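Breakdown of the fold
Each chain, letter by letter, is given below.
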Amino acid sequence: MGLTKSEIFTDEQNKLASAFKVLGHPARVAILQHIINQKACICNDLVDELGLAQATISQHLKELKNLGVIQGTVEGKSVCYCIDATAWKEIQNEFNAFFNQEVKVNNCCS
């Protein structure tokens, strides 16, 4: 399998692709939905809710945190995660800009 030559793409294209990659896992989508619905969440709640191992949940949380879409605060032995509203809005705007591009329809593919 070849390496991705990310340097030949724009920063915007690389950033958008990274966001798609992180959000492209159903467990991460489920984690985000759970956090959004709860307004905040402690990691152990996610283990009970999703039925995945603690280590698996932690790895998914790490990827979401690296993307910047969630933030966590330590409360004793637990970490409480919530959506980073600024990052969420930024990703939302990037996705909207991508999907709202006008598609020029022609009949060459039919």
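Look up a bit, the structure's there.
To start, this report covers the structure provided alongside it. Residue positions within a chain follow its written sequence, with the count starting from 1. With the structure being a predicted model, the display of local features is reserved for residues of pLDDT at least 70 and the display and counting of side-chain atom pairs for 80 or more, all residues being used for whole-chain, interface and lining totals. Neither water nor hydrogens contribute to the side-chain values; these are computed over all heavy atoms in the structure.

Things to note about the state of the cysteines
- A pair of sulfur atoms, both from cysteines and within 2.5 Å, is called a disulfide here. Under the definition given, this model contains zero disulfides.
- Free cysteine cysteine 80: the closest other cysteine sulfur is in cysteine 82, separated by 6.4 Å.
- The exposure class of cysteine 80 is buried, given its relative accessible area of 15%. Only protein chains enter the accessibility calculation, which uses a 1.4 Å probe; a residue whose area is less than 20% of its type maximum is buried, one above 50% is exposed, and one in between is partly exposed.

Describing the nonpolar core
- Counting 15 residues, the largest nonpolar core has Ile31, Leu61, Leu64, Val69 and Ile70 as its most contacted members.
- Secondary structure is summarised from DSSP: a helix means a run of H or I of at least four residues, a strand means a run of E of at least two, and numbering begins at the N terminus for each. Of all elements in the fold, only α1 (11-23), α2 (26-38), α4 (54-67) and α5 (85-99) reach the threshold of two or more residues within this core.
- Two residues qualify as a contact provided that any one of their heavy atoms is within 4.5 Å of a heavy atom in the partner residue. Leave out the neighbours within four places in its chain, and isoleucine 31 touches Leu46, Leu50, Ile57, His60, Leu61 and Leu64. Grouping buried Ala, Val, Leu, Ile, Met, Phe, Trp, Tyr and Cys residues that are joined through side-chain atoms within 4.5 Å yields what is termed a nonpolar core.

Looking at the pairing of strand β2 (residues 70-75)
- Any two strands between which DSSP finds at least two bridges are classified as paired. Across six bridges, β2 lies against strand β3 (residues 78-83) in antiparallel orientation. By the bridge assignment for β3, isoleucine 70 is matched with isoleucine 83.
- Here β2 folds back onto β3 in antiparallel fashion, the turn holding two residues, of which glycine 76 has a positive phi close to 70°.

Some points on the packing of α1 against α4
- Note on definitions: angles span 0 to 180 degrees between N-to-C directions of axes, and those axes are lines fitted to C-alpha atoms, for helices only across the stretch in contact. Look at α1 against α4: their axes get within 10 Å of each other, and the N-to-C directions meet at 160°. In terms of orientation, α1 and α4 fall into the roughly antiparallel class. By crossing handedness, the relation of α1 to α4 is classed as left-handed. In contact with Ala19, Val22 and Leu23 of α1, α4 contributes Glu63, Leu64 and Leu67.
- For the contact of α1 with α4, the per-class residue count stands at five nonpolar, no polar and one charged. Between 65 and 115 degrees an angle is taken as roughly perpendicular, under 35 as roughly parallel, over 145 as roughly antiparallel, and anywhere else as oblique. Crossing chirality is assigned from the near helix's rotation relative to the far helix, an anticlockwise turn below a right angle marking it left-handed and a clockwise turn marking it right-handed. Side-chain classes are defined by residue name, with Ala, Val, Leu, Ile, Met, Phe, Trp, Tyr, Cys and Pro counting as nonpolar, Asp, Glu, Lys and Arg as charged, and the others, Gly among them, as polar.

Regarding the side chain of arginine 28
- Tracing the chain through its elements places arginine 28 in helix α2.
- Only four residue types enter the charge count, namely Lys and Arg as positive and Asp and Glu as negative; His and the chain termini do not. Salt bridge, as applied in this entry: a Lys or Arg side-chain nitrogen positioned within 4 Å of an Asp or Glu carboxyl oxygen. Of the side chains bearing the opposite charge, glutamate 63 lies closest to the buried arginine 28, which forms no salt bridge; the N-O distance is 4.8 Å.
- If we ignore the near neighbours within four places in the chain, the residues touching arginine 28 are Lys21, Val22, His60, Glu63 and Leu64.

Notes on α4
- The end-to-end C-alpha separation of α4 is 20 Å, in line with the 20 Å expected for 14 residues at 1.5 Å each.
- For α4, the complete set of buried residues consists of Ile57, His60, Leu61 and Leu64. Taken end-on, α4 shows its buried residues confined to a sector of 100°, consistent with a single buried face. Set apart from the buried face of α4 by more than 90 degrees, the exposed residues are Ala55 and Asn66.
- Glycine 68 sits one or two residues past α4 and shows a positive phi near 95°. By this rule, a helix spans an expected 1.5 Å times one less than how many residues it contains. The reported arc concerns the directions from the helix axis to the C-beta atoms and nothing else.

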